[in-house]
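One-letter residues, chain by chain:
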Amino acid sequence: MRVNFTVNGRPQEADDVWEGESLLYVLRERLGLPGSKNACEQGECGSCTVRLDGVPVCSCLVAAGQAEGREVVTVEGLADYAKHRSCGSSRGTSLQEAQDWAAKGHDSQTGEGSELAPIQQAFIDAGAVQCGFCTPGLLVAADEMLERNPNPSDADIREALSGNLCRCTGYEKIMDAVRLAAARQGEAV
Amino acid sequence: MSTPNGTPTKITQGSQTKGGIGESTLRPDGTLKVTGEFAYSSDMWHEDMLWGQILRSTVAHAEIVSIDTSEALALPGVYAVMTYDDLPTEVKHYGLEIQDTPVLAHGKVRHHGEPVAIVAADHPETARRAAAKIKVEYRELPVITDEASATAPDAVLVHENRDDHHIGHVPHPNIVHRQPIVRGDARQAAGRADFVVKGEYTFGMQDQAFLGPESGLAVPDEDGGVHLYIATQWLHSDLRQIAPVLGLPERKVRMTLSGVGGAFGGREDLSMQIHACLLALRTGQPVKIVYNRFESFFGHVHRHPAKLYYEHGATREGKLTHVKCRIVLDGGAYASASPAVVGNASSLSIGPYVVDDVDIEAIALYTNNPPCGAMRGFGAVQACFAYEAQMDKLADALGMDRVEFRQLNAMEQGTIMPTGQPVDSPAPVAELLRRVKAMPLPPEQQWLAAGEEADVRQLPGGLSNTTHGEGVVRGIGYAVGIKNVGFSEGFDDYSTARVRMEVVGGEPVATVHTAMAEVGQGGVTVHAQIARTELGVTQVTIHPADTQVGSAGSTSASRQTYVTGGAVKNSCELVREKVLELGRRKFGSYHPAWATAELLLEGGKIVTDGGEVLADLADVLEGESVEVEAEWRHRPTEAFDLRTGQGFGHVQYSFAAHRAVVEVDTELGLVKVIELACAQDVGKALNPLSVIGQIQGGTVQGLGVAVMEEIIVDPVTAKVRNPSFTDYLIPTILDTPTIPVDVLELADDHAPYGLRGIGEAPTLSSTPAVLAAIRNATGLELNRTPVRPEHLTGT
Ligand code: FES
Ligand code: FES
């Protein structure tokens, strides 16, 4: 089957998609967007978290066909998404708004030229990245939480990220990163 | 004993250059990892790429009567199906130390999930369906599952006709290796004991559960060789095992490290490497294999489950008299790293304490359970769980404070290990306990902090909303552990670094090329820091790790900063000498200091130790490049005597202590760890941010095996019951407490910069500290880990 949807602000078309293929598979293997990860493919780890019409979902559990006509944001588009958000309203992004932006490319060897979303920068600065396999999913989930709740308590952060496993960090630096991003976001307003 | 060879421990260069050692510089791969651009082994893609799939045994122990692949081969989209009979050479087994693991099962399977056949197809789902169409007929054999069944008089042998170098000294062919350690006279010393405590402990099977699944891409080369892009812990060890099976010389098997999504020991053995290469060579097309989580649980070895039997004695004054112990590790169906795990478990079995009279025995079994091998802590973890429980028991019997009792018996620099090896660098065991105890305790009843309504997220049971504070009891526990650093027992544990210096765009740049597997630990960050410190440049390029440079050894045993860090330092020093030589040749006549002063490389310049600038590195290196590739070794070790266990077996020791604070819902048996404080001596923190990240990460893996993580193997069928993240739980951010860390830096004069390998020690003491805290809260004995609710409620 053919699936049409928007990924990071760009219309995408995937051909020859099998019935059973997940959104995660289509993103990674058909659209060249392997940023969303595949740590369990059974909805238990959150490494595949993307936003589907703004809502964080495990893309491994979403059948590709269910994405038809919808808006997907992955880690690859997070920086532009955040930038767009900061230009517009501070609470959430409307579908219309989301359609007006598109992620820009950068050097995939060095990452140079990439402008980072505040949450991405905070993860680097706080030492929240070790192997980094959990990072894309955590970033998408944390960014969405900060959009809803710019001033989260520690318990709020833990609750919002409880679906995202990390095996390396022990989560302390992830907590630091989200606190840092929230604080920076607060300063910027 | 011996003096350190090669690199002196002092900082030979001023750390004047920005971004050098001791600073918390940020990861060079950080940007790529947060933007999703970092290419993990499962992200590889190639034109015309096929997908590989492995068919695994559905039973634990059986003869293979027949394999029929015809239906699978007939499926459209299938390019190849291979079984044992299709292996190209006489070499059909591999293994880290003992080559006992079949590439594909031959005549027999020895554990649930053993690879039997492999398939390549144009879509992963086609490959899966084809694998499912392969018909394998098994004739089941009795299963060996524990010590009793392994050593019974009529026991079936897991491996017949063993010819490895351990068979001569093991009491039974179903025992992989046995290491006794006898020092002093434990029986006589027991006579001096006023108090004796005995205990029998069980340690469950833990999984590394790294998040990036086993995966890689094999691309056939034009010369008949193959290029493998792979996530591993040790490229050259993989290479040594892969090439003979493919019938290729090592130079025709090129290996490049892809992004590695964690490791923790689980990538020390091969998984899909040979299978992908076989399929690529058979089809002439690139082949990618990516395990899913289910398969990952079968695709790598686990931490050895163990039974541990201990006897400790002490005088009335609280001095340990003797320890007797017996540690039985279940190695599963193949040897993997079992012999080395036995060496660790036995030599570290009494912990960081002074005991002159010991009688120790550790063995690893061959069984039909899943193979076990390396996991963070490597044999020392199981022992620490048991000896720390014993120390609490003994303190209680004596009526002494548990921490003071430990401090009274704590080893220090100069203490003789049970192996006869003196501890010849700082061993601040008592001090670490003091520090961790001195940290402020978290406030009581934190769940009420925000108001009258209990915040269930802070209570046992969490969001399941099982209690609002009723029945919740707090407990506190302490533990301390000792771990060796580096490969032990006489292993030639070296690393190689190639370092180049040249001018790029008018600026001096250093390039560091090693085969070190960056698995998340931050080795690449530290290598750049070392190069900056030693070469006085800001620009450092880290070359991707591959087999075009000499071996770096394994990213395990807490060894990479020590050994490959040491190699990078050493090569930088050699480069520096050459650069100074070049400077003298070019500019020596302009200033007498070139000949007389001690010269340093700092801030892009060559300066005298008095700070006078002699030349810009850019001018010295103009039109030249200086490159060195050199191997570096830490001081040698020796094997443990097979009868007495005596020997200078370990390179370095590493110590950490934990204090756990838990709250237990005693009615439902639910545990919430409130805080896990850690104090650790790191020798020298090359990158403090990464050091703390390692300590916290290790601590939480210890927490996991204390309260939730266990692979359940059916005792009757030896089949794995919970190969998924639904049923094998690892700590989430809600299960994880705050982890305050106190870092001590007491230099080890034998090691580069005085550093100490740090990655594993925190995984040791974390588990027994949590167990001690739960015992403290509940008054229960709890002789097994992980603790499950039914152990607390008795239901
Ligand atoms: S890969 Fe989707 S939740 Fe784990
Ligand atoms: S950084 Fe490795 S899983 Fe989170």
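This structure is a prediction, so every number in the text was calculated from the model and none was measured.

Colleague: Is there a simple way to explain the packing of aromatic side chains in this structure?
Modeller: The way to describe two aromatic rings as a pair is by their centre distance and the angle between their planes. Within the structure shown, the criterion is met by 14 aromatic pairs over all chains. Between B:Phe38 and B:Tyr40, the aromatic rings sit 4.9 Å apart at their centres with planes inclined by 70 degrees, giving edge-to-face as the arrangement. Using a relative accessible area of 17% as the deciding quantity, one classes B:Phe38 as buried. Through a chain of ring-to-ring contacts, the aromatic side chains of A:Phe133, B:Phe38 and B:Tyr40 assemble into a single cluster. Stacked on the ring of B:Phe38, the Lys or Arg B:Lys33 has its end atom at 4.7 Å from the ring centre. Between B:Lys569 and the ring centre of B:Tyr753, over which it is positioned, the NZ or CZ distance is 4.8 Å.

Colleague: What is the right way to read the environment of B:Ser296 from this model?
Modeller: Residue and element names in this part refer to chain B. Note on placement: Ser 296 falls in helix H8 (residues 293–299). Separated by 83 residues in sequence, Ser 296 and Pro 213 place their C-alpha atoms 6.3 Å apart. The contact partners of Ser 296, leaving out residues within four places of it in the chain, are Phe 210, Glu 214 and Tyr 291.

Colleague: Explanation requested: the sheet that holds strand S6 (residues 108–109) of chain B in the structure shown.
Modeller: Backbone-to-backbone hydrogen bonds pair the strands of a sheet. The strands run either parallel or antiparallel. All names here are of chain B. If you trace the three strands from one edge of the open sheet to the other, you get S6-S2-S8, paired in antiparallel fashion. Because the sheet does not close on itself, it has two edges, and the strands there are S6 and strand S8 (135–140). Across six bridges, the pairing between strand S2 (residues 62–68) and S8 is antiparallel. Within the sheet, the bridge partner assigned to Ala 62 lies in S8 and is Glu 140.

Colleague: Is there a simple way to think about the side chain of A:Arg28 in this case?
Modeller: As for its placement among the helices and strands, A:Arg28 is situated in helix H1 (residues 23–30). Given the relative accessible area of 7%, A:Arg28 is considered buried. Within the structure, the side chain of A:Arg28 is placed 2.8 Å from the side chain of B:Asp43, a separation counted as a polar contact. Once you skip the residues sitting within four places of it in the chain, A:Arg28 turns out to touch A:Leu33, A:Pro34, A:Ser36, A:Lys37, A:Asn38, B:Ser42 and B:Asp43.

Colleague: Even after reading the chapter, I still don't get the domain arrangement of chain A, so can you show me in this structure?
Modeller: By a frequent convention, interface size equals the accessible area lost on bringing the separate parts together. Residue and element names in this part refer to chain A. Domains assigned within chain A are domain 1 (3–74) and domain 2 (78–188). In this complex, domain 1 contributes 20 residues to the contact, which on the side of domain 2 involves 21 residues. Sorting the residues of domain 1 by area buried against domain 2 places Arg 51, Glu 71 and Val 73 first, and these three jointly supply 31% of that buried surface. Ionic pairing is found between Arg 51 and Glu 147, a salt bridge with its closest N-O pair at 2.9 Å. Along the contact surface separating domain 1 from domain 2 lie five residue pairs in polar contact (both at pLDDT 80 or more). Among the elements of the structure, strand S3 (49–52) and strand S5 (71–73) are those that each provide at least two residues to the side of domain 1 that touches domain 2. If you tally residues by element for the side of domain 1 that touches domain 2, the top one is S3, at three residues.

Colleague: Even after reading the chapter, I still don't get helix H11 (residues 402–409) of chain B, so can you show me in this structure?
Modeller: Note: α-helices contain 3.6 residues per turn, so residues at a spacing of three or four share the same orientation. Residue and element names in this part refer to chain B. For H11, every residue scored as buried is listed here: Val 403, Phe 405, Arg 406 and Asn 409. Down the axis of H11, the sector holding all buried residues measures 160 degrees, keeping them to one side. If you follow the buried residues of H11, they end up packed against strand S16 (306–314), strand S17 (320–330), helix H10 (380–398), helix H12 (429–438) and strand S20 (472–485). One side-chain oxygen of the residue at the start of H11 lies 2.9 Å from the amide nitrogen of Val 403, identifying that residue as Asp 401.

Colleague: What should I look at first to understand the confidence of the model for chain A in this one?
Modeller: Do not read the predicted coordinates in detail wherever pLDDT is low. In the predicted model, chain A carries a mean pLDDT of 88, and the fraction of residues at 70 or more is 85%. Low pLDDT (under 50) marks residues 89–110 of chain A, which in the prediction has 51 contacts with non-local residues, meaning those over four places away or in another chain.

Colleague: Please explain the confidence of the model for chain B as it appears in this structure.
Modeller: Per-residue confidence for chain B averages 95 on the pLDDT scale, and 98% of its residues sit at or above 70. Predicted as a complex, the structure gets a pTM of 0.95 and an ipTM equal to 0.96.

Colleague: Please clarify how the packing of H11(B) against H12(B) should be interpreted in this entry.
Modeller: Think of two packed helices as two axes; the pair is described by the angle between the axes and how far apart they sit. Residue and element names in this part refer to chain B. Packing of H11 against H12 brings their axes to within 9 Å, and their N-to-C directions diverge by 160 degrees. Classified by the interaxial angle, the pair formed by H11 and H12 is roughly antiparallel. The hand of the H11/H12 crossing is left-handed. Together, Val 403, Arg 406 and Gln 407 of H11 and Ala 430, Leu 433, Arg 434 and Lys 437 of H12 make up the contact between the two elements. The class makeup of the residues in the contact of H11 with H12 is three nonpolar, one polar and three charged.

How each quantity is defined
Residues numbered from 1 in each chain as written. Chains lettered and ligands numbered in written order. Predicted model: local features only at pLDDT ≥ 70, side-chain atom pairs only at ≥ 80, totals over all residues. Heavy atoms only, no water. Phe/Tyr/Trp six-rings, centres within 6.5 Å; stacked < 30°, edge-to-face > 60°. Buried < 20%, exposed > 50% of the residue type's maximum accessible area, 1.4 Å probe, protein only. Lys NZ or Arg CZ within 6 Å of the ring centre and 35° of its normal. Helix = DSSP H or I, 4+ residues; strand = E, 2+ residues; numbered from the N terminus. Contact = heavy atoms within 4.5 Å. Pairing = 2+ DSSP bridges. Polar contact = N/O pair within 3.5 Å; in protein donor to acceptor, adjacent residues only side chain to side chain. Domains from an automatic or database assignment. Buried area = accessible area lost by both parts, 1.4 Å probe. Salt bridge = Lys/Arg side-chain N within 4 Å of Asp/Glu carboxyl O. Arc of directions from axis to C-beta. pLDDT = per-residue confidence, 0-100. Axes fitted to C-alpha atoms, helices over the stretch in contact; angles between N-to-C directions. Parallel < 35°, antiparallel > 145°, perpendicular 65-115°, else oblique. Left-handed = near helix turned anticlockwise from the far one by under 90°. Nonpolar A, V, L, I, M, F, W, Y, C, P; charged D, E, K, R; others polar.

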